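The residues making up each chain are set out below.
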Amino acid sequence: MPFIPHTEKDTREMLDAIGVQSTEDLFDEIPAELRIDHLHEVPEALSEMQISRLMRDRAAMDGSPVCFIGAGAYEHHIPAAVWDIATRGEYYSAYTPYQAEASQGTLQTIYEYQTMITELTGLDVSNASLYDGASGLAEAALMSVRANRRVKTGLILLAPGVNPVYEHVAEAIAGSQGLTFEWLPVDTTTGNVAFDQLPEGRNPVAVVMQQPTFPGTLEDVDRLTDWAHAQGAFAIGIANPMTLALLKAPGHWGEQGVDIACGEGQPLGVPLSSGGPYFGYMTCKEKHVRQMPGRIVGRTTDLDGNPGFALTLQAREQHIRRSKATSNICTNQGLMVTAATIYMSLLGVEGIAQVGRKSHENTTRLVDGLCAIDGIERLYEGPYFHEVALRFDRPVAPILEALATKNILGGYDLTKDAGTDALLVCATETKTDADIDACIAAFAEAMG
Amino acid sequence: MSELPGDLLYTNDHEWLRRESDGSVTVGITDHAATALGDLVYVELPEVGQDVDAGGEMAVVESVKAASDVYAPVAGSVAAVNDDLSDDPEKINADPYGDGWIVRMTLADALDESELMTPDEYQQLLDELDD
């Protein structure tokens, strides 16, 4: 039964009231040649039983490979309690509730999330989340233009370590709003920004840096943050939240800390799940909060003196500010944030630090093993967290295909990004020594 | 509603304008506007030195439930802003024609008073709004 709330009689009455013959007539304005009467590429509907079967068959095609791919989304162990709690009826909605204040539990969860993510990133305020890390960067760039009002160039400079996909997305979202994105020069030895070639006097509105970088290196974010501020620019920091119990929080980078931090929240309890849904986080210094997009939950006191939670600073948002709202983003990834909040509660800072340490150990075991193979070496020198770029003496695509036949996803093909035969590998805490050794052996065999 | 100050000029958008002795003008929002918005919680001020057209957006006043643009009643540039409002936006509610001033402007051209409303004309507008 289709969900159509109006009876034929309702429809007839409404059409009569406005003096129109049929619903079809309402679309007369659209020229006939632009209208499609049938979606030829969309198959007919399937029954629930048929669709369940189809999805089971398709899911089985994925198999259950051992995954050494990172490149922005990371496989971590998710305690069973996370999704057991997140899928309870009280929580199981993808959306911020309408009449939000009637859902105190949901609001408190978001409030707790905001508290945890501000602590992790070392900044003052957080919103209730954004769609994903990439759109988070677009929103951070747009926010920097609003908040750093003295700079009118709309120029956003990106450190070479920023995820290239994030740049594409930010360009697609913000490029048509007068923002231009330019890459800073790279030091090909370290893979990080080339400090001796930084352009002075460009008057950027913001400088974006990522830690760890896309190819897994550690950027001198203190120095780059200070350089951004010396240029009169905002510093925007993209950080993997899973690293922040061990690495310095963006709020403490350089003399003053970044102005805005954003990034991908997926590592915190959200499964890889073929690329989504994930969630983006965003935090900033308190003085910029009115330029922050998205919903913010605050704690307050009701008439009887009891603590309660409410959406706050809503005058930034489109239902009040209309066309001058800080963003069209009026929602958040509520369910993913619920999972992340439960995940962070279960692990605590110490647990997140342990995950980071174990992931680093595993990656070291993997990289040392791979670099012992003839024809494989590290692409960049310097420390890393849980991901490393490797240079190969031959194309990596055939090697990855050979590994796939052994049920191993050997890494992310970095050849296009690096301009040389290269692979990005990552071994999180989910990999056992046996997994890692099997992977190394498979590479050795494929390299012949 | 309190008595309208007789020495000010007014706009359709509920801004007021005071002619200062040095030829500049001071701009704020009227008691009617402040009351309609409710308790103000934030004022977004322009940069000093910024040029504005007559009718152009100059500042934003925000209450818990609404945000509203403040338009420049005349063309000119921003000579000073009331920085006290950053910490104390409710000054606009408490004293809209005094401590609650928002911007002081240097005029681009000689003031054309016929473009603005006298207290009587503005009172008439308010009376019509009440009806």
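Residues numbered from 1 in each chain as written. Chains lettered and ligands numbered in written order. Predicted model: local features only at pLDDT ≥ 70, side-chain atom pairs only at ≥ 80, totals over all residues.

Enquirer: Explain the overall build of chain A residue by residue, including any values.
Expert: Along chain A, the regular secondary structure elements total twelve helices and 15 strands. A compact globule built from 448 residues would reach a C-alpha radius of gyration of about 22 Å, and chain A, at 25 Å, matches this within 12%. Along the first, second and third principal axes, the C-alpha set of chain A runs to 80 × 55 × 55 Å. Out of the 448 residues in chain A, the part that is buried amounts to 44%. Within chain A, contacts between residues separated by at least 24 positions form 76% of all contacts whose residues are at least 6 apart in sequence. (Helix = DSSP H or I, 4+ residues; strand = E, 2+ residues; numbered from the N terminus. Rg over C-alpha atoms; globule rule 2.2 N^0.38 Å. Buried ≥ 20, exposed ≤ 12 C-beta atoms within 10 Å, placed from the backbone. Contact = placed C-beta atoms within 7 Å.)

Enquirer: Could you give me a rundown of the overall build of chain B, with the residues and numbers involved?
Expert: Looking only at helices and strands, chain B features four helices and nine strands. Walking chain B from its N terminus toward its C terminus, one meets helices and strands in the order β-β-β-α-β-β-β-β-β-α-α-β-α. Relative to the compact-globule value of 14 Å for 131 residues, chain B shows a C-alpha radius of gyration of 14 Å, a close match. Taken over the C-alpha atoms alone, chain B extends approximately 35 × 35 × 25 Å along its principal axes. Relative to its full complement of 131 residues, chain B shows a buried share of 39%.

Enquirer: Could you give an account of the sheet that holds strand E11 (residues 376-378) of chain A, with specific residues and numbers?
Expert: Taking strand neighbours across the sheet as the criterion, the four strands line up as E11-E12-E15-E14 (chain A) in an open arrangement whose pairing is antiparallel. With one partner strand each, in any of the chains shown, E11 and strand E14 (412-413) of chain A form the two edges of the open sheet. (Pairing = 2+ DSSP bridges.)

Enquirer: Let's hear about the packing of helix H4 (residues 104-121) of chain A against helix H9 (residues 334-371) of chain A: which residues, and what values?
Expert: In a pair of packed helices, the angle between the axes and the distance between the axes together describe the arrangement. All names here are of chain A. Running from amino to carboxyl end, H4 crosses H9 at an angle of 60°, the nearest separation of the two axes being 9 Å. Comparing their axes, H9 and H4 come out oblique. In this structure, H4 meets H9 at a crossing whose hand is left-handed. Residues Thr109, Ile110, Glu112, Tyr113 and Met116 of H4 form the contact with H9, whose participating residues are Val337, Thr338, Ala340, Thr341 and Met344. Class assignment for the residues of the contact of H4 with H9 results in six nonpolar, three polar and one charged. (Axes fitted to C-alpha atoms, helices over the stretch in contact; angles between N-to-C directions. Parallel < 35°, antiparallel > 145°, perpendicular 65-115°, else oblique. Left-handed = near helix turned anticlockwise from the far one by under 90°. Nonpolar A, V, L, I, M, F, W, Y, C, P; charged D, E, K, R; others polar.)

Enquirer: How would you summarise the environment of Ala79 of chain B if you had to cite specific residues and measurements?
Expert: Residues and elements named next belong to chain B. Position of Ala79 relative to the elements: it lies in strand E8 (residues 76-81). A count of 17 C-beta atoms within 10 Å places Ala79 in the partly exposed class. Counting along the chain gives 71 residues from Ala79 to Leu8, while the straight-line C-alpha distance between them is 19 Å. Sequence-distant contacts of Ala79, that is, excluding residues within four places in its chain, are made with Ser24, Val48, Arg104, Met105 and Thr106.

Enquirer: Could you give an account of the sheet that holds strand E2 (residues 15-19) of chain B, naming the residues involved and the relevant values?
Expert: Residues and elements named next belong to chain B. Read from one edge to the other, the open sheet built from six strands follows the order E1-E2-E3-E9-E8-E5, with strand pairing classed as antiparallel. In the strand order of this sheet, the two ends are held by strand E1 (9-10) and strand E5 (51-52), each with one partner. By the bridge criterion, two bridges tie E5 to E8 in an arrangement that is antiparallel. When the bridges of E8 are listed, Asp51 appears paired with Ser77.

Enquirer: Residues and numbers for the nonpolar core, please.
Expert: All names here are of chain A. Membership of the largest hydrophobic core comes to 119 residues, with the highest contact counts inside it found for Leu137, Ala141, Val208, Ile260, Ala340 and Leu390. Looking at this core element by element, the count peaks at 13 residues for H9. Not counting the four nearest positions on each side in its chain, Leu390 is found in contact with Leu370, Ile376, Glu377, Arg378, Leu379, Ala422, Leu423 and Val425. (Core = buried A, V, L, I, M, F, W, Y, C linked by C-beta atoms within 7 Å.)

Enquirer: Before we move on, can you summarise the confidence of the model for chain B with the specific residues and values?
Expert: Detailed reading of predicted coordinates is not advised where the pLDDT is low. With 98% of its residues at a pLDDT of at least 70, chain B reaches an overall mean of 92. For chain B, the element scoring lowest by mean pLDDT is strand E7 (residues 67-71) of chain B, at 91; strand E3 (residues 25-29) of chain B scores highest, at 97. (pLDDT = per-residue confidence, 0-100.)

Enquirer: Describe unusual backbone geometry, and please don't skip the residues or the numbers.
Expert: Both trends apply: most residues other than glycine have a negative phi, and most peptide bonds are in trans. Residue and element names in this part refer to chain A. Residue Pro212 follows Gln211 across a cis peptide bond; omega there is -10°. For Pro212, the position within the fold is in the loop between strand E5 (206-211) and helix H7 (221-230). Cis geometry marks the peptide bond from Gly276 to Pro277, where omega comes out at 0°. Position of Pro277 relative to the elements: it lies in the loop between strand E7 (260-264) and strand E8 (280-284).

Enquirer: An account of H7 of chain A is needed here, citing residue identities and associated values.
Expert: All names here are of chain A. Listed in full, the buried residues belonging to H7 are Val221, Leu224, Thr225, Trp227 and Ala228. Mapping the buried residues of H7 onto a view down its axis gives an arc of 160°, with all of them on the same face. Residue Gly232 follows H7 closely and has a positive phi angle near 80°. (Arc of directions from axis to C-beta.)

Enquirer: Would you mind going over the pairing of E2 of chain B in detail, with residue names and values included?
Expert: Moving residue by residue along a regular strand, the side chains alternate between the two faces of the sheet. Residue and element names in this part refer to chain B. Bridge analysis of E1 against E2 gives two bridges, and the strand direction is antiparallel. Across the sheet, the residue bridging to Leu9 is Leu17, located in E2. Linking two consecutive strands that pair antiparallel, namely E1 and E2, is a turn of four residues; a positive phi of about 70° is found at His14 within it. The antiparallel pairing of E2 with E3 creates a hairpin that spans five residues between the two strands, and Gly23 there sits at a positive phi of about 95°.

Enquirer: Got a sec to walk through the pairing of E8 of chain A? Specific residues and values, please.
Expert: Residue and element names in this part refer to chain A. Counting buried residues in E8 gives five out of five residues, a clear majority hidden from the surface. On E8, burial covers both faces: Gly280, Met282 and Cys284 on one face and Tyr281 and Thr283 on the other are all buried. Judged from the two bridges that link them, strand E2 (residues 125-126) and E8 form a sheet pairing that is antiparallel. In the strand pairing of E8, Val125 is matched with Cys284. Where E7 lies against E8, five bridges are found, and the strand directions are antiparallel. Along E8, the bridge assignment pairs Ala261 with Thr283.

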